[in-house]
Amino acid sequence: MELIRAQEIMFTHPDHAQQVSDPDYAFGAAFVADRFCPLLEASIPLVDAGLFHADAVYDVVSVSRGMFFRLEEHQARFARACDAIRVRNPYDTAQEAAILHEVVARAGLRDAYVWWTVTRGLPPMGRNDMVDPDKFENRFYAFATNFVFMFDDDQRARGIDLIVSRDRIRIPPRAVDPRAKNFHWLDMQMALFEAGDRGAEWAVLTDADGYLAEATGANIFAIVDGAVVTPDSGCLEGLTRQSVLELCRELGLPAVCRRVHADELRAAQEVFMTTTAGSIMPVRSVDSHVLSEPSGAGEISIRLHNLYWEKRWAGWHATPVRYDLAGSPT
Ligand SMILES: Cc1ncc(COP(=O)(O)O)c(C=O)c1O
């Protein structure tokens, strides 16, 4: 089965063409300090704790063919993350949704990467106020820009070269809970550099006992003894992961969330990663061990990938973008 060249379709199909009325917004639109602005003009204060302490939660939802994917679930996950780190979102769910619609609409994007955050924000002025979460001025920021693929069509079609990091483990959930999608990325980024040093393209991290947690910016799946398995803890509850679990049910594939040891990954029939910015990303090798001969993306991974895009473009879990908001006053 051929992998659907989703990126090429986004570049060439008329249903995916950007239609921006104000050229200043061609690169994207942002929402900062209660106002919309072109993405390249957006900035945050240097003293925002989101920047200097990586003290923030965020989320990313995608738009394709003019439709958000699982918007309400992304917003619900984000609300849980805000509660988990004790920041207050200055906007309610409906206001937040309207902002997300409007950044996409202003940029006229049919395929978009839509990011938003609430940072700890501005620190309190009083000396002993750092102990009180209510004393910080939490800040909301959002932007939309062109949809990005973590791996392009050719890479997804031939499969990714992955390593299991030896140098790093994923930060333990008791230190920073990965279920609250947050700015802490150093473990994952350093593992990526290790991947580069070892001649690979991406990295997955384990916990201290060698059980898989998640890949850099993505969830990890393996096909072991005919079943699709993915870690049940130590990772973000990804919405692409959730979508894959639903697709497995539809295809009659057994799927299990459980602890998965890194050794199972190297011996798996197939491996793939999932994330909003990239969908389902087949893996062809783990720690230089080629999973199948001839090497390439696995059949089941490709079936899941293709079904994901076919269903999305047919309106699965979709919320149409409100393009009528493009011209509302800032
Ligand atoms: C650490 C981490 N794990 C998993 C994911 C995948 O989550 P989702 O499928 O909701 O994008 C992401 C997405 O950015 C991530 O940053």
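Right above here is the structure, for reference.
The structure reproduced in this document is the subject of the present report. Note that this is a predicted model, so its numbers are computed, not measured.

**Quick word on the site of the ligand**
Then comes step 1: The local shell around the ligand holds 16 residues, among which Lys181, Glu214, Leu239, Thr240 and Thr276 are the closest.
Then comes step 2: Within the side chain of Lys181, a nitrogen or oxygen atom sits 2.6 Å from an oxygen atom of the ligand.
Then comes step 3: Starting from 390 Å² of accessible surface for the ligand in isolation, the protein chains cover 94%.
Then comes step 4: When contributions to the shell around the ligand are tallied by element, the ones reaching two or more residues are helix H7 (239-251) and strand E13 (270-275).
Then comes step 5: Across the shell around the ligand, the residue classes tally to six nonpolar, seven polar and three charged.

**Points about the packing of helix H3 (residues 71-85) against helix H4 (residues 93-107)**
Then comes step 1: Orientation of H3 relative to H4, taken along the N-to-C sense of each, is 125 degrees, at an axis distance of 11 Å. When the axes of H3 and H4 are compared, the pair comes out oblique. Here the hand of the crossing between H3 and H4 comes out right-handed. From H3, Leu71, Gln75 and Phe78 reach across to H4, where they touch Thr93, Glu96, Ala97, Leu100 and His101.
Then comes step 2: Residue composition of the contact of H3 with H4, by class: four nonpolar, three polar and one charged.

**What to know about helix H9 (residues 299-313)**
Then comes step 1: When the terminal C-alpha atoms of H9 are compared, their 21 Å separation across 15 residues agrees well with the 21 Å that a helix rising 1.5 Å per residue should span.
Then comes step 2: The element H9 is largely enclosed, with a buried count of 11 among its 15 residues.
Then comes step 3: By the burial criterion, the buried members of H9 are Ile300, Ser301, Ile302, Leu304, His305, Asn306, Leu307, Tyr308, Trp309, Arg312 and Trp313.
Then comes step 4: Residue Gly315 follows H9 closely and has a positive phi angle near 100 degrees.

**Let's talk about the packing of aromatic side chains**
Then comes step 1: Following the criterion strictly, the structure yields 19 aromatic pairs and no others.
Then comes step 2: Taken together, a centroid distance of 5.7 Å and an interplanar angle of 70 degrees make the contact between Phe31 and Tyr91 edge-to-face. Placement of the pair is Phe31 in strand E1 (residues 29-32) and Tyr91 in the loop between H3 and H4, with a sequence separation of 60 residues.
Then comes step 3: Here Tyr91 falls in the buried class, since its relative accessible area comes to 15%.
Then comes step 4: Plain terms: the ring middles of Phe31 and Phe140 are 6.1 Å apart, the flat faces sit at 80 degrees to each other, and that makes the pair edge-to-face. With Phe31 in strand E1 and Phe140 in strand E6 (residues 137-146), the pair connects residues that are 109 residues apart, well separated along the chain.
Then comes step 5: Residue Phe31 is classed as buried on the basis of its relative accessible area of 5%.
Then comes step 6: Overall, Phe140 belongs to the buried group, its relative accessible area being 4%.
Then comes step 7: An aromatic cluster of at least three residues, connected via ring pairs, comprises Phe69, Phe147, Phe149, Tyr308, Trp309, Trp313 and Trp316.
Then comes step 8: If you follow Arg120 out to its NZ or CZ, it ends over the ring of Phe136, 5.9 Å from the centre.
Then comes step 9: When the ring centre of Tyr211 is taken as origin, the NZ or CZ atom of Arg259, which lies over that ring, is 3.8 Å away.

What counts as what
Residues numbered from 1 in each chain as written. Predicted model: local features only at pLDDT ≥ 70, side-chain atom pairs only at ≥ 80, totals over all residues. Heavy atoms only, no water. Near = heavy atom within 4 Å. Polar contact = N/O pair within 3.5 Å; in protein donor to acceptor, adjacent residues only side chain to side chain. Areas by Shrake-Rupley, 256 points an atom, 1.4 Å probe, with all protein chains shown as cover. Helix = DSSP H or I, 4+ residues; strand = E, 2+ residues; numbered from the N terminus. Nonpolar A, V, L, I, M, F, W, Y, C, P; charged D, E, K, R; others polar. Axes fitted to C-alpha atoms, helices over the stretch in contact; angles between N-to-C directions. Parallel < 35°, antiparallel > 145°, perpendicular 65-115°, else oblique. Left-handed = near helix turned anticlockwise from the far one by under 90°. Contact = heavy atoms within 4.5 Å. Expected span 1.5 Å × (residues − 1). Buried < 20%, exposed > 50% of the residue type's maximum accessible area, 1.4 Å probe, protein only. Phe/Tyr/Trp six-rings, centres within 6.5 Å; stacked < 30°, edge-to-face > 60°. Lys NZ or Arg CZ within 6 Å of the ring centre and 35° of its normal.

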